[in-house]
Amino acid sequence: MNRLHVPDFVQESPGDHGDAVLLDTRSGHCFAMNPVAGLLWQEWRRSRDFETGVRVTAHHFPALSRDLIRHDARQLADALLERGLLTACPAGGQPDPPPGDKPVAATGNGPGDGPGAPGTAAGQARRHPLADDARSAAGTAEVTMAADPGAQAPRPGRLPVRRTPPLGLLCLLIALVLIRLPFPVLLRVVRWTSHRWCRLDATGAQAAAALAAVRQAAARYPGRAACLETSLAALTLLALRRRRTTWCIGTAADPYRFHAWIETEAGPVMATDEQRIDAFRRILTT
């Protein structure tokens, strides 16, 4: 019987109710799972055995038939294997190599989009987050890890009217270029900058000033400049001064959404009009 294996490039963010979000650090794509799918994933990672996951999940969800759980578990495993989030190998053997690094097409363009179309497994997961739909037990959804278009930096009128700091605009443009890199390359650049180039930790006041400068520039930028872009730009501005901060990306459920921010030793650095991060679980830090 084949054994299941979780590759090292898969990051997991477990939820409070058994749901989970998987991050493929090769592509920056996330795969959201409801509690039934989350439990299957946990058991497969622990036991590396398909049937063990089905048996344990059936025990935890007695209202669902084992045949339904096995059917949905097979679909879930196939989807994870197709995306390289799971690999299979013969008992005692080495796992098969994961698929190439080509990004998988996502069902949504960002957290502002729905996790899936009605009638699909992803759509059922959104309408029935506790997997109480008898037609679909292990619901999932796949989205790109992009900032919410609804979380754009405020436009003029929300910020004091003054000259845009040239350094803030420069760093925003640099961030817009960096985001176009393949996600693993972007992570390597950020981590190298933080651990090799930066000499000192940024203070909370320095990080707040950098974020304010970037957001002032973003408010006048005609294109997209949401949390992913502005947090990376603030990190870039501080890095030009050889000051170190931590770049964080988190997820929240109901609905599934994503947020990016920077942190210092004093904690998260947020603008006064920016959404709170209490509901977000960190899935990646640099």
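Predicted model only: the values in this text are computed from it and were never measured. (Residues numbered from 1 in each chain as written. Predicted model: local features only at pLDDT ≥ 70, side-chain atom pairs only at ≥ 80, totals over all residues. Heavy atoms only, no water.)

Digging into the packing of helix α5 (residues 166–178) against helix α7 (residues 204–218)
Point 1. At a minimum axis distance of 8 Å, the contact between α5 and α7 shows a crossing angle of 75 degrees. Between α5 and α7, the angle falls in the class roughly perpendicular. The residues of α7 that touch α5, namely those facing G168, L169 and L172, are A213, V214, A217 and A218.
Point 2. Its residues assigned to classes, the contact of α5 with α7 shows six nonpolar, one polar and no charged. (Axes fitted to C-alpha atoms, helices over the stretch in contact; angles between N-to-C directions. Helix = DSSP H or I, 4+ residues; strand = E, 2+ residues; numbered from the N terminus. Parallel < 35°, antiparallel > 145°, perpendicular 65-115°, else oblique. Contact = heavy atoms within 4.5 Å. Nonpolar A, V, L, I, M, F, W, Y, C, P; charged D, E, K, R; others polar.)

What to know about the sheet that holds strand β11 (residues 267–269)
Point 1. On the basis of which strands lie adjacent, the open sheet formed by four strands has the order β11-β10-β9-β12 and antiparallel pairing. At either margin of the open sheet sits one strand with a lone partner, and together these are β11 and β12 (281–285). Strand-to-strand, the axes of this sheet are offset by a mean angle of 45 degrees, without reference to chain direction.
Point 2. Looking at chain direction, strand β9 (residues 246–252) and strand β10 (residues 257–264) are connected through seven bridges and run antiparallel. Within β10, the residue paired with T251 across the bridge is F258. (Pairing = 2+ DSSP bridges.)

A short note on the pairing of strand β4 (residues 29–33)
For a regular strand, side-chain orientation follows a simple rule: the groups alternate between the two sheet faces.
Point 1. Burial of β4 is extensive: five of the five residues sit out of reach of the surface.
Point 2. Because side chains alternate across β4, one face comprises the buried residues H29, F31 and M33, and the other comprises C30 and A32, equally buried.
Point 3. Strand direction decides the pairing type here: strand β3 (residues 20–24) and β4, joined by five bridges, are antiparallel. Along β4, the bridge assignment pairs V21 with A32.
Point 4. Linking β3 back to β4 in an antiparallel pair, the connection comprises four residues, with G28 at a positive phi of about 80 degrees. (Buried < 20%, exposed > 50% of the residue type's maximum accessible area, 1.4 Å probe, protein only.)

Description of the environment of P14
Point 1. The topology assignment puts P14 in strand β2 (residues 10–14).
Point 2. Given a relative accessible area of 45%, P14 falls into the partly exposed group.
Point 3. Sequence separation between P14 and M33 is 19 residues, and the spatial gap between their C-alpha atoms is 9.5 Å.
Point 4. Not counting the four nearest positions on each side in its chain, P14 is found in contact with D19, A20, Q42 and R281.

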